[in-house]
Amino acid sequence: MASFGWKRKIGEKVSKTTSQQFEAEAADDKGLVDTDDDVDWLHATKRRKEILLEDCMEKSKQLKDEGARLAENRRYSEAVHKWDEALQLTPEDATLYEMKSQVLMALHEMFPAVHAAEMAIQRNPHSWEAWQTLGRAQLGLGEIGLAIRSFQVALHIYPVSPELWKEDLTWARKLHEQQKKATKTKAMQAEAKEADVAHKSIPDYDFESDEIVAVCAAIAEKEKTMSATKTVVIVSASGTVETITEKEECSTTPDDAVFIRAR
């Protein structure tokens, strides 16, 4: 009959030092596995963000193109709506603001057009198209001096643009000269009006009228009578007062022709 023996546990004869070393190596391996998991998680998160950003940019580009087609068909309000949606996805896109400013000018909304162009310049100060659009919007508001400055900045950035030279800056300077002339003419008209009011405050008599001539003749006749008669008062030593009236003969009679008619 075979004897039965107790099975010993595995590792029972392994030394304590060896066992501790094995446990330490196992712990290191576990730490490496955890570190790799963290790296993979961070990489996955970063990749998801990149994919989301790419999706936003792609969707924004799609909305931008749709808005451009709508603007070409003069459906300006719909184009602005599309570009506003695109700006929600890519708020730093200066081109969207510049295109929006152009369409707002076509809708005669000048204040929003100026604001949109300024937003485009804030995001890309080196965009000569944005400066050009801002100048045109400022012209729409009547700010000719500011528009000239905007066109000059655009030309400083892109000096070879014939459109900026011939259409924008030349036209703005012409308007500026017309504005100066209009201001000068208005000032001269105001001065003339003030002088006219001052002149009207003095009565304008018509010295050639028959009534004035008749009055002058009557006055002359009265003066003639008074000059033809002389009255002399004599007081004697005794206190007696005696009045003597003498008449002078006038060889000529007044003629109406001698009066000078003043104007």
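Just so it is clear, the structure is predicted and the values come from calculations on it, not from any experiment.

A.B. asks: Hey, could you run me through the overall build of the protein chain in this one?
C.D. replies: A count of helical and extended segments in the protein chain gives eight helices and two strands. Going residue by residue from the N terminus, the α and β elements of the protein chain occur as α-α-α-α-α-α-α-α-β-β. Counting all 263 residues of the protein chain, 22% fall into the buried class. Excluding contacts between residues fewer than 6 apart, the proportion of contacts in the protein chain whose partners are at least 24 apart in sequence is 43%. Of the roughly 20700 Å² of accessible surface on the protein chain, 56% is carried by carbon and sulfur atoms.

A.B. asks: Explain helix α4 (residues 110–123) here, please?
C.D. replies: Each turn of an α-helix holds 3.6 residues, which means side chains three or four residues apart point in the same direction. The end-to-end C-alpha distance of α4 is 20 Å, a good match for the 20 Å that 14 residues give at a rise of 1.5 Å each. Those residues of α4 that sit buried are Met-110, Ala-113, Val-114, Ala-116, Ala-117, Met-119, Ala-120 and Ile-121.

A.B. asks: How should the packing of helix α3 (residues 94–106) against helix α5 (residues 128–140) be read in this particular structure?
C.D. replies: Each pair of packed helices gets described by two things: the angle between the helix axes and the distance between those axes. At a minimum axis distance of 10 Å, the contact between α3 and α5 shows a crossing angle of 20 degrees. For the element pair α3 / α5, the angle class is roughly parallel. For the pair α3 and α5, the sense of crossing is left-handed. Note on element contacts: α5 touches α3 through Glu-129, Ala-130, Thr-133, Arg-136 and Ala-137, opposite Glu-98, Ser-101, Gln-102 and Met-105.

A.B. asks: What exactly am I supposed to notice about the side chain of Gln-132 here?
C.D. replies: The topology assignment puts Gln-132 in helix α5. When sequence neighbours within four positions are dropped, the list of residues in contact with Gln-132 reads Phe-151, Ala-154, Glu-163, Leu-164 and Asp-168.

A.B. asks: Got a minute to help me understand a nonpolar patch on the surface in this structure?
C.D. replies: There is a patch of nonpolar side chains on the surface, built from Ile-157, Tyr-158 and Val-160 and spanning about 260 Å² of accessible area. In this fold, Val-160 is placed in the loop between α6 (144–157) and α7 (162–200). Val-160 gets classed as exposed once you look at its relative accessible area, which sits at 61%.

A.B. asks: Would you mind going over the pattern of salt bridges with me for this structure?
C.D. replies: Oppositely charged side chains can pair when the atoms bearing their charge come close. Under the definition given, this model contains eight salt bridges. Of the charged contacts, one joins Lys-100 and Asp-84 as a salt bridge, the two residues approaching to 2.9 Å between their closest N and O atoms. Of this pair, Lys-100 sits in helix α3 while Asp-84 sits in helix α2 (residues 76–89); the two residues are 16 residues apart in sequence, bridging distant segments of the chain. Among the residues examined, Asp-84 registers a relative accessible area of 28% and is labelled partly exposed. Asp-168 is paired through a salt bridge with Arg-136; the nearest N and O atoms lie 2.9 Å apart. Remark: Arg-136 occurs in helix α5 and Asp-168 occurs in helix α7; sequence separation between them is 32 residues.

Procedures and definitions
- Residues numbered from 1 in each chain as written.
- Predicted model: local features only at pLDDT ≥ 70, side-chain atom pairs only at ≥ 80, totals over all residues.
- Heavy atoms only, no water.
- Helix = DSSP H or I, 4+ residues; strand = E, 2+ residues; numbered from the N terminus.
- Buried < 20%, exposed > 50% of the residue type's maximum accessible area, 1.4 Å probe, protein only.
- Contact = heavy atoms within 4.5 Å.
- Areas by Shrake-Rupley, 256 points an atom, 1.4 Å probe, with all protein chains shown as cover.
- Expected span 1.5 Å × (residues − 1).
- Axes fitted to C-alpha atoms, helices over the stretch in contact; angles between N-to-C directions.
- Parallel < 35°, antiparallel > 145°, perpendicular 65-115°, else oblique.
- Left-handed = near helix turned anticlockwise from the far one by under 90°.
- Patch = residues over 30% accessible without salt bridge, like charges linked within 9 Å, V, L, I, M, F, W, Y side chains within 5 Å.
- Salt bridge = Lys/Arg side-chain N within 4 Å of Asp/Glu carboxyl O.

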